[in-house]
Amino acid sequence: MDVMNMVESLIRWIHVIVGVLWVGLLYFFNWVNSAFAPTMDAETKKKVVPELMPRALYWFRWGAAFTWITGVLLLLMVYYHTKLVLAAPEQGFGGPALIMIAVTFLMVFAYDFLFSGPLKNPQASFWAGIVGSGVVLFLFDAFAGFSFRGYAIHLGAMYGTIMAFNVWFRIWPAQQKIITAIKNGEAPDGALVALAGSRSKHNTYMSVPLLFLMTSQHATWAANPITVTIIVLVGFALVNHIYARAAKVPGF
Ligand code: HEM
């Protein structure tokens, strides 16, 4: 029995299960609860929010944590151990490849600074996300010598890392204070509500192209950084459309 194949496919199975858990709740918060919550009066909110949100956020944040951990394990097994990340694996990992792998996991700090400052405006963050993704894809391809599967999964890993960071270090800390204020019948801090809301929205935008990037081994027609950048644009535009639709879905 091929033990490595068994271990990889079991980790991939867990990765998909916790990924569905995480992203499923992300879509619940952004496309269902965001339209439902304003329909509650203060008394109802005081009863419902402290019971519903901590339970949903528990599975949400641990889903995020285990998706990231199993994702890194899959990168190590499928892309680094086999050198599948490289267009010319026989040449081995050079400086540029190692630099761009580091950029994949450190970009989150540049994102956190830029998107809470100069790129805070939703229009600016929309276009900066697309142009920034295109530049990173170009560097993965032309500077680091990544294969198509290599640069597609690393853009996905970069999005997934930013999304997991947002959950654990921006959304969850803010939500704990927001839920406590609502439980105490106080108005939650507007800046915390705005921060949690904008980071959750960023995660929703990134999640749709991310799912294409995660399954991109099946899409060899897209093996070009420009094509993948266009897919990111199409993904963001689709999320725009779904937000507009979600605001119009009526209750009974
Ligand atoms: C919302 C977060 C994520 C979701 C929903 C998700 C979903 C998926 C899915 C469905 C696959 C299976 C693709 C296939 O077998 O065809 C996959 C594969 C993979 N994911 Fe993720 N993923 C997420 C985040 C991450 C992160 C953060 C990383 C890395 C840090 C990562 C690394 C990988 C790797 C390396 C594979 C294997 C791809 C291959 O075989 O070519 N994922 N992911």
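Residues numbered from 1 in each chain as written. Predicted model: local features only at pLDDT ≥ 70, side-chain atom pairs only at ≥ 80, totals over all residues. Heavy atoms only, no water.

**Focus: the overall build of the protein chain**
Inference 1: The secondary structure content of the protein chain amounts to seven helices and zero strands.
Inference 2: Element order for the protein chain, N to C, with α for helix and β for strand: α-α-α-α-α-α-α.
Inference 3: The C-alpha radius of gyration of the protein chain comes to 19 Å, within 12% of the 18 Å expected for a compact globule of 252 residues.
Inference 4: Taking the principal axes of the C-alpha coordinates as reference, the protein chain spans close to 65 × 45 × 30 Å.
Inference 5: Sequence-distant contacts, at least 24 apart, represent 80% of the contacts inside the protein chain between residues at least 6 apart.
Inference 6: When the accessible surface of the protein chain is totalled, it reaches about 13300 Å², and 71% of it is carbon and sulfur. (Helix = DSSP H or I, 4+ residues; strand = E, 2+ residues; numbered from the N terminus. Rg over C-alpha atoms; globule rule 2.2 N^0.38 Å. Contact = heavy atoms within 4.5 Å. Areas by Shrake-Rupley, 256 points an atom, 1.4 Å probe, with all protein chains shown as cover.)

**Some points on the site of the ligand**
Inference 1: The environment of the ligand is formed by 23 residues, the closest being His15, Tyr79, Arg149, Met214 and His218.
Inference 2: One of the side-chain nitrogen or oxygen atoms of arginine 149 is found 2.7 Å away from an oxygen atom of the ligand.
Inference 3: Going through the elements one at a time, α1 (3-36), α2 (42-80), α5 (148-183) and α6 (190-214) are the ones with two or more residues in the shell around the ligand.
Inference 4: Here the shell around the ligand gets seven residues from one element, more than from any other, and that element is α2.
Inference 5: Across the shell around the ligand, the residue classes tally to 14 nonpolar, seven polar and two charged. (Near = heavy atom within 4 Å. Polar contact = N/O pair within 3.5 Å; in protein donor to acceptor, adjacent residues only side chain to side chain. Nonpolar A, V, L, I, M, F, W, Y, C, P; charged D, E, K, R; others polar.)

**Topic: the coordination of the iron atom of the ligand**
Inference 1: The protein atoms that coordinate the iron atom of the ligand are His15 (NE2) and Met214 (SD), at distances spanning 2.0 to 2.2 Å.
Inference 2: Its relative accessible area of 28% is what places methionine 214 among the partly exposed residues. (Donors = N, O, S within 2.8 Å, 3.2 Å for Na, K, Ca; no water. Buried < 20%, exposed > 50% of the residue type's maximum accessible area, 1.4 Å probe, protein only.)

**Structural notes on the packing of α1 against helix α7 (residues 225-246)**
Inference 1: Between α1 and α7, the shortest axis-to-axis distance is 9 Å and the interhelical angle comes to 25°. Comparing their axes, α7 and α1 come out roughly parallel. Handedness of the crossing formed by α1 with α7: right-handed. Together, Asn30, Trp31 and Ala35 of α1 and Val239, Ile242, Tyr243 and Ala246 of α7 make up the contact between the two elements. (Axes fitted to C-alpha atoms, helices over the stretch in contact; angles between N-to-C directions. Parallel < 35°, antiparallel > 145°, perpendicular 65-115°, else oblique. Left-handed = near helix turned anticlockwise from the far one by under 90°.)

**Brief notes about unusual backbone geometry**
Inference 1: At lysine 83, a residue that is not glycine, the phi angle is positive and equals roughly 60°.
Inference 2: Along the chain, lysine 83 turns up in the loop between α2 and α3 (95-114).

**Some words on α6**
Inference 1: An ideal rise of 1.5 Å per residue puts 36 Å on 25 residues; α6 measures up with 35 Å between its terminal C-alpha atoms.
Inference 2: Where α6 bends most, at serine 207, the angle is about 30°, and the proline proline 209 comes one to four residues later.
Inference 3: N-cap assignment for α6: the residue whose side-chain oxygen lies 2.8 Å from the backbone N of alanine 191 is aspartate 189. (Expected span 1.5 Å × (residues − 1). Bend = angle between axes of the 7 residues up to and from the residue.)

**Looking at the pattern of salt bridges**
It is possible for side chains of opposite charge to pair when their charged atoms get near one another.
Inference 1: Overall, the coordinates contain four salt bridges when judged by the stated rule.
Inference 2: Measuring nitrogen to oxygen at the nearest pair gives 2.7 Å for the salt bridge that ties arginine 170 to aspartate 112. Of this pair, arginine 170 sits in helix α5 while aspartate 112 is found in helix α3, placing the two residues 58 residues apart along the sequence.
Inference 3: Assessed through its relative accessible area of 24%, arginine 170 is described here as partly exposed.
Inference 4: Overall, the relative accessible area of 12% leaves aspartate 112 in the buried class.
Inference 5: The shortest N-O distance in the salt bridge between aspartate 112 and arginine 199 comes to 2.8 Å. Taken together, the positions of aspartate 112 in helix α3 and arginine 199 in helix α6 put the pair 87 residues apart, joining distant regions of the chain. (Salt bridge = Lys/Arg side-chain N within 4 Å of Asp/Glu carboxyl O.)

**Some remarks on the nonpolar core**
Where a protein is soluble and globular, its nonpolar side chains tend to be buried together.
Inference 1: Residues Phe60, Phe140, Phe146 and Leu155 are the most contacted members of the largest nonpolar core, which totals 72 residues.
Inference 2: Broken down by element, this core gets its largest block of residues, 19 residues, from α5.
Inference 3: Excluding residues within four positions of it along the chain, phenylalanine 140 makes contact with Met100, Thr104, Gly145, Phe146, Tyr151, His154, Leu155 and Met158. (Core = buried A, V, L, I, M, F, W, Y, C linked by side-chain atoms within 4.5 Å.)

**Structural notes on the packing of aromatic side chains**
Inference 1: Applying the stated criterion to the full structure yields 20 aromatic pairs.
Inference 2: Each ring, one from tyrosine 205 and one from phenylalanine 236, has its centre 5.8 Å from the other, and the planes form 80°; the classification is edge-to-face. Within this pair, whereas tyrosine 205 is found in helix α6, its partner phenylalanine 236 is found in helix α7, the two being separated by 31 residues in sequence. In this pair, the class of tyrosine 205 matches that of phenylalanine 236, namely buried.
Inference 3: One aromatic cluster is present, formed by Tyr27, Trp31, Phe126, Trp127, Tyr205, Phe236 and Tyr243 through successive ring pairs. (Phe/Tyr/Trp six-rings, centres within 6.5 Å; stacked < 30°, edge-to-face > 60°.)

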